[in-house]
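Geometric and topological summary
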Amino acid sequence: MADKYSLTNSATGDCVNLDLVSGTDGPSALDITALYKEKGLLAFDPGFVSTASCTSSITYIDGEKGILRYRGYPIEQLAAKSNFLEVAHLLLYGELPTATELVDFESIIMHHTMIRETMRTFFDGFHYNAHPMAIMIGVTGSMSAFYHDSLDIHNPRHREISAHRMIAKIPTIAAACYKHNVGEPFIYPRNDLDYCGNFLHMMFATPCEEYVPNKTAIEAMNLLFILHADHEQNASTSTVRLAGSSGANPFACIASGIASLWGPAHGGANEAVLKMLEEIGDVSNIPKYIAKAKDKNDPFRLMGFGHRVYRNFDPRATLIREMCHKVLAEISDKDNPLLQLAGELEEVALKDEYFIERKLYPNVDYYSGIIYRALNIPANMFTVMFSIARTVGWVAHWSEMISDPSQRIGRPRQIYVGAKQRDYVPIDKR
Ligand code: ACO
């Protein structure tokens with residue numbers, strides 16, 4: 001493969017030679033870092049469709065082939081054989097842990113699950129029906145005000161402590177958001193339970209009654225958390241990296257990632273899928289809603305369908321679909337009308353020319369909401385669940401970026417399309 005690429009101005013014949021940057025897998029990229037300095041030219045790529053913003057050794061995606069790998073390991077193998085904290089170790093440190101390393105890592109995480117008592121009182125300031133994602137953003141950001149002892153981002157040990165604190169405490173904050181919404185007392189974490197079991201305990205136990213997590217529920221949560229843990233430079237991860245590139249502290253950066261994740265085109269899609277299925281209501285209404293999704297004058301989109309990167313199928317959706325059936329068969333009602341509706345809608349859309357032509361397939365969020373519903377987790381908590389899992393990916397990317405000696409502040413440019421220079425007009429003359 002040529003290691004240079006030439007771009008020529010067809011009018012003037014002026015030519016620029018660009019280096020090609022290649023990774024271990026995936027497409028090469030044109031190195032345009034000198035383009036502006038040498039030629040006064042910018043690259044224009046709204047939505048970053050053709051832009052690699054960094055090099056990274058964490059996650060690899062091939063959208064055409066439906067491949068997702070964390071640190072080289074296929075997602076299917078991790079989903080079948082691993083658990084969330086083992087995957088968290090892999091994403092954070094680059095390697096699967098040995099048996100001793102795993103025990104140590106689990107112990108560190110499970111012994112840092114409590115939040116400061118004063119932080120707990122922040123929840124009282126939120127209205128009872130505040131969206132849990134709004135509380136998550138605020139309380140996660142507030143962690144910067146509590147852990148001053150680990151905020152030197154240039155100290156690797158400080159970065160590690162912050163990473164551990166974040167992974168350990170985010171589920172506690174998330175469960176507290178839920179308890180605030182439903183008006184129940186906060187439930188303290190239990191360090192003898194595993195990560196997912198402890199989260200379910202904090203969600204559903206009360207001071208009057210212990211909660212014994214169901215084995216399949218824990219299995220399903222482990223799977224969902226593994227599948228949601230990272231997805232390279234998506235909107236929220238890029239937000240975390242951009243916020244972190246200025247030297248902002250890790251807690252503030254993760255809060256910015258949670259804010260970005262909230263949008264319905266990103267992590268908010270799982271909540272939107274459930275709302276959509278409820279709105280459709282019955283299989284007889286499917287044709288009407290498919291027509292709405294295809295109508296350019298109608299803002300309605302089939303939520304849970306389509307992906308910027310996956311153009312054939314989302315490998316995570318395939319795994320979640322199987323788990324969805326298992327959960328409904330073992331925990332919930334297998335004749336659940338919502339699942340039947342979801343299955344029918346998927347089938348109709350996949351046969352429709354509009355969706356085939358545009359390569360629109362169910363994404364990870366299409367079935368995750370139905371699983372969460374079966375676990376009694378309310379729809380407004382779905383994106384919160386996503387943020388618990390993605391915290392690991394955000395922290396891994398933030399850490400990778402900060403430890404790169406060539407890291408600079410992220411500062412995109414623009415094509416200005418506003419007014420040309422004009423003179424100020426006094427108010428009485430306008
Ligand atoms: N329903 C109907 N039409 C769609 C959908 C959809 N869900 N998704 C894309 N299209 C159409 C677009 O209208 C466009 O049609 P056109 O070529 O005739 O103009 C074409 O497919 C390409 O779509 P884009 O919007 O250009 O694709 P983009 O890569 O920008 O968007 C996105 C990807 C945001 C995920 C989009 O597919 C979408 O909005 N899906 C629904 C929301 C969703 O499920 N988001 C979760 C993503 S996964 C995640 O974040 C974990």
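All figures in this text were calculated on a predicted structure; none of them were measured in a lab.

When helices and strands are tallied, the chain shows 18 helices and 6 strands. The C-alpha radius of gyration computed for the chain amounts to 23 Å, which stays within 12% of the reference 22 Å derived for 430 residues, consistent with globular compactness. The principal-axis extent of the C-alpha atoms belonging to the chain is close to 80 × 65 × 60 Å. Within the chain, the proportion of its 430 residues that are buried is 47%. A fraction of 70% describes how many contacts in the chain between residues 6 or more apart in sequence connect residues 24 or more apart. Summing over all exposed atoms, the chain offers an accessible surface of approximately 21,900 Å²; the carbon and sulfur share of this is 53%.

We now examine the packing of aromatic side chains. For the coordinates displayed, the defined rule picks out 16 aromatic pairs. Between the aromatic rings of Tyr 147 and Phe 251, the centroid separation amounts to 5.9 Å while the plane-to-plane angle is 40°, which identifies the pairing as tilted. In this pair, Tyr 147 is assigned in the loop between α6 (132–142) and α7 (156–182) and Phe 251 in helix α11 (residues 250–261), connecting sequence segments 104 residues apart. Both rings, one in Phe 186 and one in Tyr 188, keep their centres 5.1 Å apart while their planes meet at 85°; by these two values the pair is edge-to-face. Put simply, the rings of Phe 305, Tyr 354, Phe 355, Tyr 366 and Tyr 367 touch in pairs and so form one group of aromatic residues. The ring of Tyr 36 carries the charged tip of Arg 413 above its face, separated from the ring centre by 5.0 Å.

Our focus in this paragraph is the pairing of strand β5 (residues 67–70). A one-sided burial pattern is seen for β5, the buried positions being Leu 68 and Tyr 70 and the unburied ones Ile 67 and Arg 69. For strand β4 (residues 59–62) and β5, the ladder comprises 4 bridges, and the chain directions are antiparallel. Its bridge partner lying in β5, Thr 59 is registered against Tyr 70. Across 2 bridges, the pairing between β5 and strand β6 (residues 73–74) is antiparallel. The residue bridging Arg 69 from the neighbouring strand is Pro 74, located in β6. Linking β5 back to β6 in an antiparallel pair, the connection comprises 2 residues, with Arg 71 at a positive phi of about 50°.

Before going further, it helps to examine the UniProt feature "active site" (unreviewed entry) in the chain. Here the UniProt feature "active site" (unreviewed entry) sits at His 307 and Asp 365. Annotated residues spanning 59 residues; largest pairwise C-alpha distance 10.5 Å, indicating a single compact cluster. For the largest cavity, the lining residues among the annotations just cited are His 307. Note on placement: His 307 falls in the loop between α13 (286–294) and α14 (315–330). In this structure His 307 touches His 231, Asp 314, Arg 316 and Asn 363, once residues within four positions along its chain are discounted. In this structure the side chain of His 307 is engaged in a polar contact, spanning 3.3 Å, whose partner is the backbone nitrogen of Tyr 310. Here Asp 365 is to be found in helix α17 (residues 365–374). Apart from residues lying up to four places away in sequence, Asp 365 is in contact with His 228, His 266, Ala 269, Asn 270, Val 273 and Phe 386.

Attention shifts here to the sheet that holds β4. Strands sit in the order β4-β5-β6 across an open sheet of 3 strands; the sheet is antiparallel. At either margin of the open sheet sits one strand with a lone partner, and together these are β4 and β6.

Applying the stated criterion across every chain, the model contains 1 cavity of 30 Å³ or more. Quantified by volume, the largest cavity comes out at close to 40 Å³. Along the walls of the largest cavity sit Gly 306, His 307, Tyr 310, Phe 313, Asp 314, Lys 359, Leu 360, Tyr 361, Pro 362 and Asn 363, which together make up its complete lining. Residues of the lining of the largest cavity, tallied by class, amount to 5 nonpolar, 3 polar and 2 charged.

Here we come to the state of the cysteines. Evaluated as defined, the whole model comprises 0 disulfides. Note on Cys 253: no disulfide assigned, nearest cysteine sulfur contributed by Cys 54 at a separation of 14 Å. For Cys 253, a relative accessible area of 1% corresponds to the buried category.

A few words now on the site of the ligand. Around the ligand there are 22 residues in total, and Arg 301, Leu 302, Gly 304, Arg 308 and Tyr 354 lie nearest to it. With respect to the ligand, the side chain of Lys 296 contributes an N or O atom lying 3.1 Å from an oxygen atom. Take Arg 301: an N or O atom from its side chain is 2.8 Å from an oxygen atom of the ligand. Considered on its own, the ligand offers 930 Å² of accessible surface; in the complex 76% of this is hidden by protein.

Bringing helix α4 (residues 99–110) into the picture now. The first and last C-alpha atoms of α4 sit 16 Å apart over 12 residues, in line with the 16 Å expected at 1.5 Å per residue. Looking only at α4, the buried set comprises Leu 102, Phe 105, Ile 109 and Met 110. For α4, the angular spread of buried residues about the axis comes to 120°, placing them on one side. Exposed and oriented more than 90 degrees from the buried face of α4 are Thr 100 and Val 103.

Taken together, the side chains of Tyr 36, Leu 42, Phe 44, Ile 415 and Val 417 present a nonpolar region at the surface, about 560 Å² in accessible area. Taking the relative accessible area as the measure of exposure, Tyr 36 reaches 45% and is therefore partly exposed.

Taken in spatial order, the 3 strands make up an open sheet running β1-β2-β3, and their pairing is antiparallel. The open sheet has two edge strands with one neighbour each: β1 (4–8) and β3 (29–31). Within this sheet the neighbouring strands show an average axis-to-axis angle of 45°, counted without direction. Pairing geometry for strand β2 (residues 15–21) and β3, over 3 bridges, is antiparallel.

Rules of the game
Residues numbered from 1 in each chain as written. Predicted model: local features only at pLDDT ≥ 70, side-chain atom pairs only at ≥ 80, totals over all residues. Heavy atoms only, no water. Helix = DSSP H or I, 4+ residues; strand = E, 2+ residues; numbered from the N terminus. Rg over C-alpha atoms; globule rule 2.2 N^0.38 Å. Buried < 20%, exposed > 50% of the residue type's maximum accessible area, 1.4 Å probe, protein only. Contact = heavy atoms within 4.5 Å. Areas by Shrake-Rupley, 256 points an atom, 1.4 Å probe, with all protein chains shown as cover. Phe/Tyr/Trp six-rings, centres within 6.5 Å; stacked < 30°, edge-to-face > 60°. Lys NZ or Arg CZ within 6 Å of the ring centre and 35° of its normal. Pairing = 2+ DSSP bridges. UniProt positions renumbered as here; feature names shortened; annotations may be inferred. 1 Å grid on protein atoms, 1.4 Å probe; cavity = no way out; pocket = protein on both sides within 12 Å on 5 of 7 lines; lining within 4 Å. Polar contact = N/O pair within 3.5 Å; in protein donor to acceptor, adjacent residues only side chain to side chain. Points joined across faces, edges and corners; volume = space filled by probe spheres on them. Nonpolar A, V, L, I, M, F, W, Y, C, P; charged D, E, K, R; others polar. Disulfide = S-S within 2.5 Å. Near = heavy atom within 4 Å. Expected span 1.5 Å × (residues − 1). Arc of directions from axis to C-beta. Patch = residues over 30% accessible without salt bridge, like charges linked within 9 Å, V, L, I, M, F, W, Y side chains within 5 Å. Salt bridge = Lys/Arg side-chain N within 4 Å of Asp/Glu carboxyl O. Axes fitted to C-alpha atoms, helices over the stretch in contact; angles between N-to-C directions.

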